[in-house]
Amino acid sequence: MKKIVVLGSNGQLGNCIRKIAPDFENKYEFIFTDSKTLDITDEDQINSFFYDNKPDYCINASAYTAVDLAEKESDKAFAVNADGVGYIAQACVDHKSILIHVSTDYVFDGDTNLPYSEDDFTSPIGVYGESKMKGEELALEINPKTIILRTSWLYSEFNKNFVKTMLNLFTQKDELGIVSDQFGQPTNANDLAEAIMDIIETPNKIFGVFHFSNYPETTWFEFAKKIAEFSNSTVQLNPLTTEQYPTPAKRPVRSTMSLDKIEEVYKIEPKHWENSLEESVKILIQQ
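Bear in mind the structure is a predicted one, so any value in this text is a computation, not a measurement.

## Remarks on a negative patch on the surface
Judged by side-chain charge, Asp23, Glu25, Glu194, Asp198, Glu278 and Glu279 come together as a negatively charged surface patch. Only helix 6 (189–201) and helix 9 (273–286) provide two or more residues apiece to the negative patch. As for its placement among the helices and strands, aspartate 198 is situated in helix 6.

Structure (structure tokens):
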């Protein structure tokens, strides 16, 4: 039975993989770790862990994701998102493991009107994006058997995310202002978890960079409007410009990604974001 290690299993994606793991228990042994049980910024810990477990696949769902805080904590962001990824990639090479590493649309500057392809030039505009870009570079440079999945605007029933924040605010506020001039693709982390397992189940793997999200593009404002609609909220939502809602870290204006490659290579068809969101809101309302 092949082994799958999931690093960062207490995050949104890690929890979603944990949720579907029982569906694959006849094929794979899953080993879930988090920052308390394995510090990915400690090379010795990583090497010992891989020596003891010898996984066939390593899903790196661990990341420093505090986009604004990263501007002050660049050392922490790079330690997790870059250095740690390098240690993991090397351990994967040493133990002949396939690495599936999760990255972000924030590796792009967002200064475009066209969806980004996997081959487009990366040019992040904040520390978080810079650290994730460096992690991608290290993973691909060190381990030829690396699959990088760039995703965006991740949400789920787990941990903190935009959907949960909105649902909470809808119960507290009569009126909210939401940024309406930033474009991207919401992604249900459950869909990303399923896509990762589809890739693992594919016999002849193609390595390199792939994009995965739900589609098509939308804005945070339109996203929030749908959350309100699906939760039957009567909150009044008002569009704001980025200038009206300044944040410590700059965000890409349009970080929409092309999904053609993953559809063509792995036959994975992403879902419409509204359909995935409606399913997720139903789950969250019942919690």
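## Some remarks on the pattern of salt bridges
By the definition in use, this model includes 10 salt bridges. The partner of glutamate 157 in a salt bridge is lysine 19, and the shortest N-O contact between them spans 2.5 Å. Within this pair, whereas glutamate 157 is found in the loop between strand 6 (154–155) and helix 5 (162–170), its partner lysine 19 is found in helix 1 (residues 12–20), the two being separated by 138 residues in sequence. Relative accessible area serves as the criterion here: at 39%, lysine 19 is assigned to the partly exposed category. Overlapping salt bridges bring together Lys226, Glu229 and Glu274 as one network.

## Focus on the state of the cysteines
Per the stated rule, a full pass over the model turns up zero disulfides. Its sulfur unpaired, cysteine 16 is 18 Å from the next cysteine sulfur, which belongs to cysteine 58. Here cysteine 92 is not disulfide-linked; the sulfur of cysteine 58 is the nearest cysteine sulfur, at 4.4 Å. The class for cysteine 92 is buried, based on a relative accessible area of 1%.

## Details of the UniProt feature "domain: RmlD-like substrate binding" (unreviewed entry) in the chain
Per the UniProt entry, the sites bearing "domain: RmlD-like substrate binding" (unreviewed entry) are residues 3–282 in this numbering. Its end C-alpha atoms 33 Å apart, residues 3–282 is made of 38% helix and 18% strand.

## Section: the nonpolar core
In this structure, Ile4, Phe30, Leu149, Ile196 and Ile200 are the most contacted members of the largest nonpolar core, which totals 31 residues. Contributions of two or more residues to this core are made by strand 1 (2–7), helix 1, strand 2 (28–33), strand 3 (57–60), strand 4 (98–104), strand 5 (146–151), helix 6 and helix 8 (260–266). In terms of residues, this core owes the most to one element, helix 6, which gives eight residues. Residues contacting phenylalanine 30, with those up to four places away along its chain left out, are Ile4, Val6, Ile17, Ala21, Phe24 and Met197.

## Here's the deal with the sheet that holds strand 5
Reading across the sheet, the six strands line up as 2-1-3-4-5-10 and stay open at both edges, with parallel pairing between neighbours. For this open sheet the edge positions go to strand 2 and strand 10 (208–211), each flanked by a neighbour on one side alone. The mean inter-strand angle of the sheet, taken between neighbouring strand axes irrespective of direction, is 20 degrees. Relative to strand 5, strand 4 runs parallel, the two being bridged by six bridges. Residue pairing across strands places serine 103 opposite arginine 150, the latter belonging to strand 5. The sheet strands contacting helix 1 are strand 1, strand 2, strand 3 and strand 4, and the helix crosses strand 2 at an angle near 150 degrees.

## Description of the environment of glycine 14
With respect to the secondary-structure elements, glycine 14 resides in helix 1. On the basis of relative accessible area, glycine 14 is assigned to the buried category, the value being 0%. With 151 residues separating them in the primary sequence, glycine 14 and threonine 165 have C-alpha atoms 20 Å apart. Those residues within four positions of glycine 14 in sequence are excluded, and the remaining contacts are Val6, Gly8, Ser9, Phe32 and Ala61.

## What about the packing of aromatic side chains?
Between two aromatic rings, the relevant description is the distance of the centres plus the angle of the planes. On inspection of all chains with the given rule, the structure shows 14 aromatic pairs. Look at tyrosine 155 and phenylalanine 223: their rings are 5.8 Å apart centre to centre, the planes differ by 55 degrees, and that puts the pair in the tilted class. Here tyrosine 155, found in strand 6, pairs with phenylalanine 223, found in helix 7 (residues 220–230); they are 68 residues apart in sequence, far enough to count as distant. The burial state of tyrosine 155 is the same as that of phenylalanine 223; both residues are buried. Of note, arginine 18 hangs over the ring of phenylalanine 32, and the distance from its end group to the ring centre comes to 4.6 Å. Over the ring of phenylalanine 183 we find arginine 254; its NZ or CZ atom is 4.0 Å from the centre of that ring.

Thresholds applied
Residues numbered from 1 in each chain as written. Predicted model: local features only at pLDDT ≥ 70, side-chain atom pairs only at ≥ 80, totals over all residues. Heavy atoms only, no water. Patch = residues over 30% accessible without salt bridge, like charges linked within 9 Å, V, L, I, M, F, W, Y side chains within 5 Å. Areas by Shrake-Rupley, 256 points an atom, 1.4 Å probe, with all protein chains shown as cover. Salt bridge = Lys/Arg side-chain N within 4 Å of Asp/Glu carboxyl O. Lys, Arg positive; Asp, Glu negative; His and termini not counted. Charge placed at Lys NZ, Arg CZ, Asp CG, Glu CD. Helix = DSSP H or I, 4+ residues; strand = E, 2+ residues; numbered from the N terminus. Buried < 20%, exposed > 50% of the residue type's maximum accessible area, 1.4 Å probe, protein only. Disulfide = S-S within 2.5 Å. UniProt positions renumbered as here; feature names shortened; annotations may be inferred. Core = buried A, V, L, I, M, F, W, Y, C linked by side-chain atoms within 4.5 Å. Contact = heavy atoms within 4.5 Å. Pairing = 2+ DSSP bridges. Axes fitted to C-alpha atoms, helices over the stretch in contact; angles between N-to-C directions. Phe/Tyr/Trp six-rings, centres within 6.5 Å; stacked < 30°, edge-to-face > 60°. Lys NZ or Arg CZ within 6 Å of the ring centre and 35° of its normal.

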